[in-house]
Amino acid sequence: MGKFIDELMEKMTIEEKIGQLNLVTAGEATTGSVVSTDVESKIKAGNIGGIFSMTSPSRIRKAQELAVNQSRLKIPIIFGMDVIHGYKTIFPIPLGLAATWDMNLIQKTARVAATEASADGLNWTFSPMVDISRDARWGRISEGSGEDTYLSSRIAKEMVLGYQGDDLSKNNTLMACVKHFALYGAAESGRDYNTTDMSLHRMYNEYLPPYKAALDAGAMSVMTSFNDINGVPASANHWLLTDLLRKDWKFNGLVVTDYTAVNELIDHGLGDLQKVSELSLKAGVDMDMVGEGFLTTLKKSLDEGKVSEEEINRACRYVLEAKYRLGLFEDPFKYCDEDRAKKELLTPAHLKLAREAAGKSFVLLKNVNHTLPLKKQGTVAVIGPLANTGANMPGTWSVSADLENTQSLVEGMRSVLGDKVDIVTHLGANLTDDPALQERSTMFGRTIPRDNRSFEAIIAEALEVSKNAEVIVAALGESSEMSGESSSLTDLNIPESQKRLLEALVKTGKPVVLVLFAGRPLTLTWEQEHVPAILNVWFGGTETGKAVADVLFGDVNPSGKLPATFPQNVGQLPMYYSQKNTGRPLAKSAWFQKFRSNYLDVSNEPLYPFGFGLSYTEFEYSPLKLEKATINKSDKLRITVQVKNNGQYNGEEVVQLYIQDLVASQTRPVKELKGFQKVWIEKGKSKTVAFEISEEDLKFYNQKLDFISEPGKFKVYIGTNSRDVQEAEFELID
């Protein structure tokens, strides 16, 4: 590769080198407010290195033909897209996929996404998003894996392996792009694009590991984040992109900005377009997405001595190397096989996997008196604004989904249940009382009908429809675009219009099942107190309706576990299980103590803890057993627990292991996830689950940023979630 790139670059003019740094959008599935212009002539002039949001083998072939037939050096173009949780076959939103805690399944979903997207001409995906988020106000929490460093790191690895396969040059792979580098999920006040400010200690221990895990798995590109990091925006941050990424982590792939991020450095206050383009290149950016600041200013900056040809060469080389690894120089049209596109999109096998993934992502939050599963008989009323909207089922960031042909919840349930159950349905309430808010929350074709009558009239009609039903399924929560990019919220309650409907349904005295659609943790204190059963289904993708029917009627036993803590109210945010103790911790049994770390008006406890999720069966844990009480730094500690299925259903349980460092040179979390296993246990049977802990699991970054372990005592916890655990103690010795 090196010799080939060297010889090619020797032939390139400085303008052609700068042209390779220009990533434009075709505007087919726009994910920003700017669309590139005059694309065809720029391709012919060698002024475009990549295009995103262009799909179909025929269109991509035409664009590629312009590059390889009509540009001077015939350098092929790379084609990318936001393939986030599926391409045409849409899987659960990433937060929902994380709730499966099923690493093999997650890798399979990425493999299917790569197969489909590459069959449609693409070779680059802007995924996985590995940003840690502990503030549910931030809308893009839906696009990541939640709050936990360990779980997110495991998922990041599987996503990269799924996209890139074992050979990136194969025509059924996509180059992964790890985003958003870095700390984007820690935006202040949960407001998208906002600033972040944190210590290096927290950064290295809690926020950076998932990016590193994705790169260690072989991800060949990285996307910069929009936010500033301790005063310097990511796209101009030399420490982040060069010192950390290139020098410390030895990353040798492509660095691309997010949408117009170079131009946005102007509003950050760093200078005019020429200045910010200079800063971005010098920081370590290789490719400018859409803004064209590199294309229009770098030659002038070079002539003025503000950037060097060596810096331009560096960026150009990384772009060309990415194309070489993808095999585009050998065959620029390898992704343009129209027969593949006809055969490999939305196949029965892919849809089957989507249905399985959706069912495994659902989290049963409450189930009083075995309200669920329902019997396949009689009449079920499905009421609510999310009942009859197929367009919302794929969830946010599903830009390539076929919204018109995606089944709604009611359609999916009817297709599964046939004539066994009579399903009646009604809107029941508007998504929200505020028409303007509803319009903002149903963008990009995610329309939900609106009834402009009084809410009393709408609810009365819904109650009339429901009067002969034995059970009411309330399909409520967020629309798909109430979470996602630029969808931050300060109120995490179910909208008041829907809350009134739910209260009226509960007052009927009939069993009510809340099927909750959400792209983030919501505040559900009233619902938890009053509704018999709550099933959080996130947004499950193409097969949402069928998967919900599978779970509601017992064909699938829910096994999802929360990847993010659900607070009692928004005032507790940011909230996460791996907090640290203060010098004045609240006593475990106390609700409030004066001069302790707590609130006057609410307890410190979450509504649902990290890792929480019920099943239709009951799992019983034996006391955990430690092989020995002390280990040295070369030992491994084996820990076992027996889990018994005491209920009436076969089911899966996620057995979770946490560690606490009791005495250290700096403050440490009260718990840290260090292992988990998802196990299938038949009713009446038991399974012994074993874990091994080594010194590596006990290491952390100290104040000098050395990755170390310290001798001393530790607690190990094993249980069904981060709160409900058993514990034992061991000691690490020198």
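Basis of the calculations
- Residues numbered from 1 in each chain as written.
- Predicted model: local features only at pLDDT ≥ 70, side-chain atom pairs only at ≥ 80, totals over all residues.
- Heavy atoms only, no water.
- Helix = DSSP H or I, 4+ residues; strand = E, 2+ residues; numbered from the N terminus.
- Buried < 20%, exposed > 50% of the residue type's maximum accessible area, 1.4 Å probe, protein only.
- Lys, Arg positive; Asp, Glu negative; His and termini not counted.
- Salt bridge = Lys/Arg side-chain N within 4 Å of Asp/Glu carboxyl O.
- Contact = heavy atoms within 4.5 Å.
- Core = buried A, V, L, I, M, F, W, Y, C linked by side-chain atoms within 4.5 Å.
- Phe/Tyr/Trp six-rings, centres within 6.5 Å; stacked < 30°, edge-to-face > 60°.
- Lys NZ or Arg CZ within 6 Å of the ring centre and 35° of its normal.
- Pairing = 2+ DSSP bridges.
- Disulfide = S-S within 2.5 Å.
- pLDDT = per-residue confidence, 0-100.

Looking at the side chain of Asp661
So, point 1. Note on placement: Asp661 falls in strand β21 (residues 651-661).
So, point 2. Buried and unpaired, Asp661 has Arg668 as its nearest opposite-charge partner, separated by 4.1 Å.
So, point 3. Those residues in contact with Asp661 that lie beyond four places of it in its chain are Arg668, Phe700, Lys713 and Phe714.

As for the nonpolar core
So, point 1. Judged by nonpolar contacts, the single largest core of 126 residues is most densely connected at Ile51, Trp124, Phe181 and Leu208.
So, point 2. With sequence-adjacent residues up to four places away left out, Phe181 is seen in contact with Leu208, Tyr211, Val222, Met223, Thr224, Ser225, Ala234, Leu240, Leu241, Leu244, Leu245 and Trp249.
So, point 3. Ala381, Ala462, Leu524 and Phe612 belong to the second-largest nonpolar core, a separate cluster that totals 74 residues.

Things to note about the packing of aromatic side chains
So, point 1. All told, the structure shown has 23 aromatic pairs when counted by the stated rule.
So, point 2. Geometrically, the ring pair formed by Phe517 and Phe539 is tilted, given 5.8 Å between the ring centres and 40° between the ring planes. Of this pair, Phe517 sits in strand β15 (residues 512-517) while Phe539 sits in the loop between β16 (533-536) and α22 (544-552), and the two are 22 residues apart along the sequence. Accessibility classification places Phe517 together with Phe539 in one group, the buried group.
So, point 3. On the numbers, 5.6 Å between centres and 20° between planes, the contact of Tyr608 with Phe612 is stacked.
So, point 4. An aromatic cluster is defined as three or more aromatic residues linked by ring pairs; in this entry it consists of Trp101, Tyr150, Tyr577, Phe610, Tyr658 and Phe676.
So, point 5. Above the plane of the ring of Trp397 lies Lys179, whose end atom (NZ or CZ) is 5.4 Å from the centre.

Let's talk about the pairing of strand β20 (residues 636-645)
So, point 1. Where strand β17 (residues 619-621) lies against β20, 3 bridges are found, and the strand directions are antiparallel. Each residue of the ladder has a partner; that of Glu620, found in β20, is Lys644.
So, point 2. By the bridge criterion, 2 bridges tie strand β18 (residues 625-626) to β20 in an arrangement that is antiparallel. What sits directly across from Leu626, in β20, is Ile639.
So, point 3. The pairing of β20 with strand β23 (residues 686-694) spans 9 bridges and is classified as antiparallel. For Thr640, the partnering residue across the bridge sits in β23 and is Ala690.

Concerning the state of the cysteines
Among covalent bonds in proteins, the disulfide is the one between the sulfur atoms of two cysteines.
So, point 1. Applying the stated criterion to the full structure yields 0 disulfides.
So, point 2. Summary of cysteine pairing: Cys177 is not part of a disulfide, and the nearest cysteine sulfur, belonging to Cys316, is at 18 Å.

Remarks on unusual backbone geometry
So, point 1. Geometrically, the link from Ser127 to Pro128 is a cis peptide bond, its omega value of 10° lying close to zero.
So, point 2. Looking at the secondary structure, you find Pro128 in the loop between β4 (124-125) and α7 (149-164).
So, point 3. Note the cis peptide between Phe181 and Ala182, where omega equals 10°.
So, point 4. Positive phi values are uncommon outside glycine, yet Tyr193 reaches one of about 70°.
So, point 5. With respect to the helices, strands and loops of the structure, Tyr193 is situated in the loop between β5 (177-181) and α8 (200-207).
So, point 6. Positive phi is not limited to glycine here, since Glu292 has a value of about 65°.
So, point 7. If you trace the backbone, Glu292 turns up in the loop between β10 (288-289) and α13 (293-303).

Describing the confidence of the model for the chain
So, point 1. Mean pLDDT over the chain: 97, with 99% of residues reaching 70 or higher.
So, point 2. Confidence over residues 29-34 falls short of pLDDT 50; this stretch has 17 contacts with residues more than four positions distant or in other chains.

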